[in-house]
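Per-entry structural report
This is what each chain is made of:
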Amino acid sequence: EGRQALPAYQQLAAELEAKGAKSDAAYAQSLAAMVAMSVGAFQPSIRSGLRAIELLKGESLTGAALLATITAYNSVALAYRRAGDLNEAERYLREGLAAVGRSKVPPFPNIVSGFLRNLAGTALAQGRNADALRDAEESVRVLEEFNAQYGLRMPPDARVITRFNLGGSLTLLGKARLNM
């Protein structure tokens, strides 16, 4: 289904961009990037993700624009990482984290933690254990603070996601410590 969805999202993005609907076109491009990434089509993922990022330059990062930004940066970074270009992967993870930090709404801790966790994994893959340790520790800190603040007041789905992400971050933290 992903291979069929990819051209549909790409076509939708082109139509929306032709109509001047930049934000909607960026969202469709970010979805194309995510779908392409999920089927291992790295170049289309990178192209669509970068186009989404370009379309969102100067836009207020709220709602769908924020979601498109997160999806685009993550998809581009993961495509580069899986293609073996760890430096570009790190670049887009750092840019994505910075973009989320500039958004008009407070960033959701699971998103910030996700960028940090992916940075830690990328640093580990490069043998940069101290950087991996720093990013993994920060990812854990963000989630633990969020959990301490909201805990059982979080909706059940949010608790599950937070615990899952915390588990991934703690795993990377452990790997980084073992490699030190």
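This text gives an overview of the structure that appears in the document. (Residues numbered from 1 in each chain as written. Predicted model: local features only at pLDDT ≥ 70, side-chain atom pairs only at ≥ 80, totals over all residues. Heavy atoms only, no water.)

Another aspect to go through is the pattern of salt bridges. Scanning the entire structure with this criterion turns up 13 salt bridges. Its salt-bridge partner being R51, residue E17 comes within 2.1 Å of it at the nearest N-O pair. Of the two residues, E17 sits in helix α1 (residues 2-18) while R51 sits in helix α3 (residues 42-56), which places them 34 residues apart along the sequence. Exposure remark for E17: the relative accessible area of 28% places this residue in the partly exposed category. We classify R51 as partly exposed; its relative accessible area is 30%. Connected through salt bridges with shared partners, the residues E90, R94, R128, D131, R134 and D135 form a single ionic network. (Salt bridge = Lys/Arg side-chain N within 4 Å of Asp/Glu carboxyl O. Helix = DSSP H or I, 4+ residues; strand = E, 2+ residues; numbered from the N terminus. Buried < 20%, exposed > 50% of the residue type's maximum accessible area, 1.4 Å probe, protein only.)

Because an α-helix packs 3.6 residues into every turn, residues spaced three or four apart end up facing the same way. Over its 21 residues, helix α4 (residues 63-83) extends 30 Å from the first C-alpha to the last, a length consistent with the 30 Å expected when each residue adds 1.5 Å. In the segment just after α4, G84 is the residue with positive phi, at about 95°. (Expected span 1.5 Å × (residues − 1).)

Moving on, we get to the packing of aromatic side chains. Under the counting rule described, the total for this entry stands at 4 aromatic pairs. Ring plane angle 35° and centroid distance 6.4 Å describe the contact between Y73 and Y92, whose orientation is recorded as tilted. Of this pair, Y73 sits in helix α4 while Y92 is found in helix α5 (residues 86-101), placing the two residues 19 residues apart along the sequence. Linked through ring pairs, Y73, Y80 and Y92 together constitute an aromatic cluster. (Phe/Tyr/Trp six-rings, centres within 6.5 Å; stacked < 30°, edge-to-face > 60°.)

This part takes up the packing of helix α6 (residues 109-125) against helix α8 (residues 156-179). α8 packs onto α6 with a crossing angle of 25° between their chain directions and a minimal axis gap of 10 Å. The angle between the axes of α6 and α8 places the two elements in the roughly parallel class. For the crossing formed where α6 meets α8, the hand is left-handed. Contacts from N110, S113, R117, A120, G121 and L124 of α6 reach α8 at I161, T162, N165, G168, S169, L172, K175, A176 and N179. Here the residues of the contact of α6 with α8 are counted per class, giving 5 nonpolar, 8 polar and 2 charged. (Axes fitted to C-alpha atoms, helices over the stretch in contact; angles between N-to-C directions. Parallel < 35°, antiparallel > 145°, perpendicular 65-115°, else oblique. Left-handed = near helix turned anticlockwise from the far one by under 90°. Contact = heavy atoms within 4.5 Å. Nonpolar A, V, L, I, M, F, W, Y, C, P; charged D, E, K, R; others polar.)

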